[in-house]
Amino acid sequence: VGRWDRNTFSVLMYGTQGEQATATMRRVQSALAKPMSYTSDGETVVLEPKVGIGEHMKGDQAHRVRERANSALDEAMHDETGLVIFKTRALVGF
């Protein structure tokens, strides 16, 4: 886990396929969405985490995976589930 910018974090899951990554990130999203007490008087905060997943395809360079993740996160901001996976498959014959 690493900080990507002011309010975005990046998680690299080496060797994890898209379906597995989605399941893992749904669990993380669910845990982060639970109300959290952060003061001694019980004041709580409720987060609405958004998740964008960019799946690495064979032969991809790092910038392509980042572009996919950024596109997925942009979509997740407007998706009711708040989680989007962005992946592409190679077109055969092109």
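Preceding this paragraph is the structure being described.
Quick look at the structure, then.

As for helix H1 (residues 18-32)
And then number 1: With 15 residues, H1 extends 21 Å between its outermost C-alpha atoms, agreeing within 8% with the 21 Å of an ideal straight helix rising 1.5 Å per residue.
And then number 2: When H1 is considered as a whole, its buried residues turn out to be Gly18, Ala21, Thr22, Met25 and Gln29. The arc that holds the buried residues of H1, viewed along the axis, is 100°, so those residues lie on one side. The exposed set on the far side of H1, more than 90 degrees from its buried face, consists of Glu19 and Arg27.
And then number 3: Against the buried residues of H1 lie strand E5 (51-54) and strand E6 (83-86).

Focus: the pairing of E6
And then number 1: Two elements, E5 and E6, share four bridges in a ladder whose sense is parallel. Bridge pairing in E6 links Val51 to Leu83.

Notes on the nonpolar core
And then number 1: Among the nonpolar cores identified, the biggest contains five residues, and these are Ala21, Met25, Val51, Ile53 and Leu83.
And then number 2: Within the residue set of this core, elements represented by two or more residues are H1 and E5.
And then number 3: Filtering out sequence-adjacent residues up to four positions away, Leu83 remains in contact with Thr22, Met25, Arg26, Gln29, Val51, Ile53 and Ala76.

Thresholds applied
- Residues numbered from 1 in each chain as written.
- Predicted model: local features only at pLDDT ≥ 70, side-chain atom pairs only at ≥ 80, totals over all residues.
- Heavy atoms only, no water.
- Helix = DSSP H or I, 4+ residues; strand = E, 2+ residues; numbered from the N terminus.
- Expected span 1.5 Å × (residues − 1).
- Buried < 20%, exposed > 50% of the residue type's maximum accessible area, 1.4 Å probe, protein only.
- Arc of directions from axis to C-beta.
- Contact = heavy atoms within 4.5 Å.
- Pairing = 2+ DSSP bridges.
- Core = buried A, V, L, I, M, F, W, Y, C linked by side-chain atoms within 4.5 Å.

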